[in-house]
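Structural overview for review
Residues per chain are reported as follows:
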Amino acid sequence: MADWELRPASAADVEAVAELRAVVMRPDLVRLGRYDEHRVRQRLRDAFVPVHTWMIEVGGAFAGCVALRPAKDAYWLEHFYLNPDLQGRGIGAAVLSRLLERCDREDTVVRLNVLQGSPARRLYERHGFTVETEDEVDVFMVRAPAPASPRR
């Protein structure tokens with residue numbers, strides 16, 4: 001697996017993330033008949049909250065992002081995008097594991113939504129997410145916190 005790290009996002013990161021979102025989501029949105037070149041970027045711009053977002057860097061270069069937004073009864077895992085050239089190398093799984101460890105320590109539920117037919121769903125299922133509800137476009141998933149390990 002490549003050497004990766006997370007750094008806090010800043011407002012200046014929004015355009016790089018919007019572009020990456022357009023690239024990553026295009027195949028699924030086209031397949032679902034919902035791709036709009038402007039809207040795919042604008043939705044990210046409208047929802048980008050740097051304080052809840054981390055930039056993923058590989059070898060010191062921008063490779064992706066992920067957000068963990070607090071809500072009333074859970075965290076929402078959002079804007080989890082990784083450069084397609086880096087997918088399948090274990091980076092996404094490692095980033096997700098790190099975030100879920102934090103949520104487990106806080107004994108907090110994690111929710112997300114993924115597009116129907118997206119290969120990302122398998123990643124989430126491997127990390128304990130199950131389907132809560134779904135429609136023709138979105139699959140809403142949830143993961144309960146893992147039980148704390150017994151102390152010896």
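Now for a quick tour of the structure. Predicted, not measured: the structure shown is a model, and the values here were computed from it.

Quick word on the packing of aromatic side chains
- Summed over the entire model, instances satisfying the criterion amount to 1 aromatic pair.
- Judged by centre distance (5.8 Å) and plane angle (70°), the rings of Tyr 124 and Phe 129 are edge-to-face. Each member of the pair, Tyr 124 as well as Phe 129, is classed as buried.
- Lying over the aromatic face of Tyr 35, Arg 26 brings its terminal NZ or CZ to 4.5 Å of the ring centre.

Let's talk about the side chain of Asp 138
- Mapping Asp 138 onto the fold places it in strand β7 (residues 138–143).
- Polar contacts involving the side chain of Asp 138 include one to the side chain of Asn 113, which spans 3.1 Å.
- Excluding residues that lie within four positions of it along the chain, Asp 138 makes contacts with Asn 113, Val 114, Leu 115 and Gln 116.

Focus on helix α2 (residues 37–47)
- When we look at burial in α2, the residues that qualify are Val 40, Arg 41 and Leu 44. Along the axis of α2, the buried residues cluster in a sector spanning 90°; they form a single face. Residues His 38 and Asp 46 are exposed on α2 and point more than 90 degrees away from its buried face.
- Residues of α2 that are buried sit in contact with α1 (14–31) and β4 (74–82).
- Where α2 begins, one side-chain oxygen reaches toward the backbone nitrogen of His 38, 2.9 Å away; that side chain belongs to Asp 36.

Some points on the sheet that holds strand β2 (residues 53–58)
- Reading across the sheet, the 7 strands line up as β1-β2-β3-β4-β5-β7-β6 and stay open at both edges, with mixed pairing between neighbours. What marks the edges here is a single partner per strand, and that holds for β1 (4–8) and β6 (130–134). Between one strand axis and the next, the sheet turns by 30° as a mean value, whatever way the strands run.
- Pairing between strand β3 (residues 61–70) and β4: 6 bridges, direction antiparallel. Looking at the pairing, Gly 64 lines up with Leu 82 of β4.
- Sheet contacts for α1: β2, β3, β4 and β5 (109–115); angle to β4, the most-contacted strand, approximately 85°.

About the criteria used
The residue count restarts for each chain, going from 1 along the sequence in the order it is written. For a predicted model such as this one, the threshold for reporting local features is a pLDDT of at least 70, and the threshold for listing and counting side-chain atom pairs is 80 or more; totals across whole chains, interfaces and linings nevertheless cover every residue. Only hydrogens and water are set aside; all other atoms, that is, all heavy atoms of the structure, feed into the side-chain values. For Phe, Tyr and Trp, where Trp contributes only its six-membered ring, two rings pair if their centres lie within 6.5 Å, and the inter-plane angle classes them as stacked under 30 degrees, edge-to-face over 60, or tilted in between. Each residue gets one of three labels from its accessible area relative to the maximum for its type: buried under 20%, exposed over 50%, partly exposed in between, using a 1.4 Å probe on protein chains only. Both a distance and an angle decide whether a charge sits over a ring: NZ of Lys or CZ of Arg must be within 6 Å of the ring centre and within 35 degrees of the ring normal. Here a strand is any run of E in DSSP of at least two residues, a helix any run of H or I of at least four, and the numbering for each starts at the N terminus. Polar contacts, as counted here, are pairs of nitrogen or oxygen atoms within 3.5 Å of one another; within protein the pair requires one atom able to donate a hydrogen and one able to accept it, and residues that are adjacent in sequence qualify only if both atoms are side-chain atoms. Contacts were defined at the residue level, with two residues in contact if any of their heavy atoms lie within 4.5 Å. Throughout, the arc means the angular range of directions from the helix axis out to the C-beta atoms. Two strands make a pair as long as DSSP finds a minimum of two bridges between them. Comment: axis = line fitted to C-alpha atoms, over the contacting stretch for helices; angle = value between 0 and 180 degrees taken between N-to-C directions.

By themselves these figures say nothing about function.
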